[in-house]
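# Structure assessment
The primary structure of each chain is shown beneath.
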Amino acid sequence: MDPGLANNSSSPRPRWRKVAYGGMQPGYDDNHTDESFLEGMVMNASVVKRDMLKVMLDSVSISEYLCIVALVVLVWTCTLTSTIDENSLLLIDVSLLVSGFLILLFTQEMLSLSLLLHYVLNISFFITVLYVLAPIYQTLTRSISSDSIWAVAASLLVLHLFLHDYSESTVKAPGVLKNPALTSCISVNASVVASVFMASRLPSRLHVFAIMLFSLQVFLFAPLVTYCIKKYSFRMHLCFSLSLMVMTLSFVYMLHRLLFVVLLSLLVFVNVVCPYWLIRIQEYKFEINGPWDEAKLCFDITD
Amino acid sequence: MMMGDPQKHRILMVSDFFYPNFGGVENHIYYLSQCLLKLGHKVVVATHSYGNRSGVRYMTGGLKVYYVPWRPFVMQNTLPTFYGLLPIIRIILIRERITVVHGHQAFSTFCHEALMHARTMGYKVVFTDHSLYGFSDVGSIHMNKVLQFTLADVSQAICVSHTSKENTVLRSGLPPEKVFVVPNAVDTSIFKPAVNRPSGPEIVIVVISRLVYRKGVDLLVEVIPEVCRLHPNVRFIIGGDGPKRVRLEEMREKHSLQDRVEMLGAVQHVQVRSVLISGHIFLNSSLTEAFCIAILEAASCGLLTVSTRVGGVPEVLPDEMIVLAEPDPGDMVHAIQKAISILPKIDPQVMHNRMRELYNWHDVAKRTEIVYDRALKCSNQNLLERLSRYLFCGAWAGKLFCLVMIVGFLLWQLLELWQPEDDIEEVSDFSLPHNCDEDMLEENPVK
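Residues numbered from 1 in each chain as written. Chains lettered and ligands numbered in written order. Predicted model: local features only at pLDDT ≥ 70, side-chain atom pairs only at ≥ 80, totals over all residues.

## Some thoughts on the overall build of chain A
Across its full length, chain A holds 10 helices and two strands. Starting at the N terminus and walking to the C terminus, you meet the elements of chain A as α-β-α-α-α-α-α-α-α-α-α-β. Relative to its length of 303 residues, chain A is extended, with a C-alpha radius of gyration of 29 Å against a globular reference of 19 Å. Each of the three principal axes of chain A carries a C-alpha extent, and together these read 100 × 50 × 45 Å. (Helix = DSSP H or I, 4+ residues; strand = E, 2+ residues; numbered from the N terminus. Rg over C-alpha atoms; globule rule 2.2 N^0.38 Å.)

## Here's the deal with the overall build of chain B
Within chain B one finds 15 helices and 16 strands. A globule of 447 residues ought to have a C-alpha radius of gyration of about 22 Å, and chain B, at 23 Å, matches this closely. Oriented by its inertia axes, the alpha-carbon framework of chain B measures out at about 75 × 55 × 40 Å. Looking at the 447 residues of chain B, the share that counts as buried comes to 47%. Long-range contacts, defined here as pairs at least 24 residues apart, represent 72% of the contacts in chain B between residues at least 6 apart. (Buried ≥ 20, exposed ≤ 12 C-beta atoms within 10 Å, placed from the backbone. Contact = placed C-beta atoms within 7 Å.)

## Comments concerning helix 4 (residues 138-151) of chain B
Residues and elements named next belong to chain B. Taking 1.5 Å of rise per residue, the 14 residues of helix 4 would be expected to cover 20 Å, and the 20 Å separating its terminal C-alpha atoms lies within 8% of that figure. Those residues of helix 4 that sit buried are Asn-144, Leu-147, Gln-148, Phe-149, Thr-150 and Leu-151. Along its buried surface, helix 4 packs onto helix 3 (109-120), strand 8 (124-129), strand 9 (156-159), helix 5 (162-172) and helix 15 (397-418). (Expected span 1.5 Å × (residues − 1).)

## Let's talk about the UniProt feature "transmembrane region" (unreviewed entry) in chain B
UniProt records the feature "transmembrane region" (unreviewed entry) at residues 390-412 of chain B, using the numbering of this structure. The distance separating the terminal C-alpha atoms of residues 390-412 of chain B is 19 Å; by composition the span is 78% helix and 0% strand. (UniProt positions renumbered as here; feature names shortened; annotations may be inferred.)

## Quick look at the interface of chain B and chain A
Where interface size is given, it is often the accessible area lost as the parts come together that is meant. At the interface, 39 residues of chain B touch 25 residues of chain A. Considering every element that reaches the side of chain B that touches chain A, the biggest residue donor is helix 5 of chain B, with five residues.

## As for the UniProt feature "domain: PIGA GPI anchor biosynthesis" (unreviewed entry) in chain B
The residues that UniProt annotates with the feature "domain: PIGA GPI anchor biosynthesis" (unreviewed entry) are residues 48-137 of chain B. With 24% helix and 31% strand, the stretch residues 48-137 of chain B has end C-alpha atoms that lie 29 Å from each other.

## Some thoughts on the pairing of strand 1 (residues 10-14) of chain B
All names here are of chain B. With four of five residues buried, strand 1 is to be regarded as a mostly interior element. Sheet topology places strand 1 next to strand 7 (residues 100-104); four bridges connect them, and they run parallel. Counterpart to Leu-12 in the pairing with strand 7 is Val-101. (Pairing = 2+ DSSP bridges.)

## Some points on the domain arrangement of chain B
Residues and elements named next belong to chain B. If you check the domain split of chain B, you get domain 1 (10-185 + 362-423) and domain 2 (203-358). Its C-alpha centre places domain 1 at a distance of 34 Å from the equivalent point of domain 2. Tallying the contact residues gives 13 residues for domain 1 and eight residues for domain 2. Listed by contribution, the elements that provide at least two residues to the side of domain 1 that touches domain 2 are helix 1 (24-38) and helix 5. In terms of residues, the side of domain 1 that touches domain 2 owes the most to one element, helix 5, which gives three residues. Here the side of domain 1 that touches domain 2 is composed, by residue class, of four nonpolar, nine polar and no charged. (Domains from an automatic or database assignment. Nonpolar A, V, L, I, M, F, W, Y, C, P; charged D, E, K, R; others polar.)

## Describing the domain arrangement of chain A
Per the domain assignment, the segments making up chain A are domain 1 (1-34) and domain 2 (53-284). Distance between the C-alpha centres of domain 1 of chain A and domain 2 of chain A: 69 Å.

## With respect to unusual backbone geometry
Note the cis peptide between Tyr-19 of chain B and Pro-20 of chain B, where omega equals 10°. By the secondary structure assignment, Pro-20 of chain B is in the loop between strand 1 and helix 1. The backbone of Ser-82 of chain A sits at a positive phi, close to 60°, despite the residue not being glycine. Within the fold, Ser-82 of chain A resides in the loop between helix 3 (60-80) and helix 4 (86-107).

## Regarding the sheet that holds strand 12 (residues 234-239) of chain B
All names here are of chain B. With parallel pairing, the six strands of this open sheet are ordered in space as 13-12-11-14-15-16. Because the sheet does not close on itself, it has two edges, and the strands there are strand 13 (261-265) and strand 16 (322-325). Each neighbouring strand pair of the sheet contributes to a mean axis angle of 20°, computed without reference to strand direction. In this structure, strand 15 (residues 304-308) lies alongside strand 16, joined through four bridges in parallel fashion. The residue of strand 16 that forms the bridge with Thr-305 is Ile-322. (Axes fitted to C-alpha atoms, helices over the stretch in contact; angles between N-to-C directions.)

This is the structure in structure tokens:
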């Protein structure tokens with residue numbers, strides 16, 4: 001027999017062991033439950049204790065992007081009501097492009113002359129294609145009523161905001177390997193489609209070109225720019241976001257009172273209510289880990 | 001054989017997984033049934049049809065198998081229809097005069113449905129859980145709810161290891177004293193060590209598993225080149241197939257180990273022994289494992305096992321027969337080096353003899369028999385008492401479960417009216433002459 005078992009049998013009741021081999025353990029039923037039962041269970045191992053202030057500061061980047069989208073919609077409405085003409089729109093485009101470039105240039109050290117040239121080449125190609133395609137965009141949805149276009153554009157924007165990747169930018173800085181997630185790709189596409197729909201309601205080709213350029217610049221590159229600012233200095237990011245919020249709120253106030261109230265309450269909800277909520281629901285967290293979990297590999301698999 | 005046990009059970013084993021499909025659960029059901037038959041019980045197996053194998057078949061020892069004509073739709077699982085199986089399960093239960101229904105495997109829909117109907121009809125129900133589940137991903141959360149539904153009302157449950165018991169208790173909310181631990185076993189008469197062990201300076205490490213993520217193939221990809229670099233006399237034999245095979249082949253090309261890593265592809269179960277006995281060390285790199293029969297088979301063939309310390313693996317073998325390592329390439333290489341250093345002290349025949357003492361299907365059957373006895377002693381409950389148990393399963397789920405059970409009960413009553421129990425013919429029992437397949441299962445050598 002097993003020497004271990006033989007030794008144990010001299011004592012009246014051998015100790016129960018947590019083993020599966022050797023048949024039924026003498027003196028114990030198979031449903032014996034030791035005090036070591038569930039000893040290996042760990043509860044809430046990966047729960048992070050969150051600080052209210054930190055969560056609030058982190059949520060600023062969400063409201064920042066909300067304001068950016070609100071500003072885009074503001075520009076759209078102004079263009080549709082002809083408050084802004086096509087020349088000033090083009091001026092806005094150029095100034096945005098230049099300021100965006102400058103911010104990238106200052107916040108990222110890795111930009112070289114050749115990379116800059118590469119950027120300029122790409123963007124000029126992009127602008128040319130957009131200009132050539134502008135007539136197509138203008139007549140794209142002529143047979144569809146304006147109401148449906150507004151409805152679709154609005155829901156696409158909501159989808160865009162819902163799926164947007166607020167932690168980093170979908171359009172990557174050069175040299176980043178990681179591929180964006182599917183949801184953030186859908187988000188970017190939704191915003192582009194919304195811009196196309198919007199642009200198709202405009203009276204002239206130049207209008208369409210200017211507004212498309214504006215929307216695409218903002219939707220594709222604003223996340224990258226804000227991400228770079230945030231990485232460069234968190235303080236600068238906060239100042240930038242706050243000024244953006246004040247600017248947006250004042251513009252919206254001039255446009256419509258009710259929209260102002262809606263935007264303001266949305267910002268309060270995102271920045272104050274949600275962080276408080278998140279911290280409150282932490283106590284309901286119930287996470288179980290133990291020896292039955294699938295082991296995690298401690299290295300990256302490169303397929 | 002008849003030990004004077006007064007109670008002879010009539011058991012129905014239900015699971016989606018049975019021969020001709022092959023795996024741990026199938027093996028378990030087959031060997032357990034054979035040994036229960038030897039103990040004098042009546043055993044019937046119900047599973048879904050496999051290809052054109054449908055209807056009633058008899059297997060070795062008079063084991064009757066119902067292949068219910070019910071198509072599997074994914075991974076050998078039947079489509080969950082809730083009530084589709086009720087008529088045929090009812091007829092099988094009545095015809096065979098079943099007393100205990102024993103379901104296997106948590107992700108078998110056939111098993112869950114059959115157990116549900118058996119409970120509706122007032123039968124005693126035992127469930128065996130063969131796998132481990134986490135609590136974090138969506139699939140596990142869904143599975144755990146389904147398991148909670150089935151287990152809310154079982155008479156007794158069986159797990160294959162203590163870790164699996166902890167897991168099942170947490171997932172289903174069963175009281176721990178209702179959950180028994182009855183491990184798997186291995187047929188040591190099939191897995192015998194080689195008469196002439198491969199000698200010489202060369203050390204062969206064998207890996208036999210499906211080549212999938214859960215079996216830790218990515219660990220192997222890291223470990224094999226390192227071991228080959230450290231020990232020029234080590235050779236690997238890898239049996240099995242799967243989506244991760246490409247990764248292994250890439251690794252072999254990259255480190256030019258074609259002459260030292262042999263890939264066999266899928267290995268038939270009958271050939272497993274011949275592959276095992278060509279090696280000295282068995283390597284298991286699973287990331288999760290409730291029990292791991294492969295380790296038993298290897299140890300029974302006299303191989304020293306190196307395994308990851310996951311799930312129920314540490315409980316399976318005594319410390320001197322296995323070298324455990326954390327699921328991390330560095331630690332595994334270390335464990336393999338340790339195994340190589342203690343290899344000269346290992347005598348395969350001694351290890352095989354030890355395994356014959358440690359694991360035996362007859363022992364498993366006897367322990368399962370005790371569980372059946374306990375299940376039959378459980379009090380009968382009416383529908384209302386049982387519904388209250390389902391109601392505790394969750395705010396929404398509880399009510400849903402109750403609804404499912406009530407509809408099942410009504411359908412059963414309807415069937416009783418449409419085809420009364422007395423109209424169903426009962427099958428007469430027959431017993432095989434006892435000596436016809438005595439060699440099929442090895443008798444316990446330590447009487």
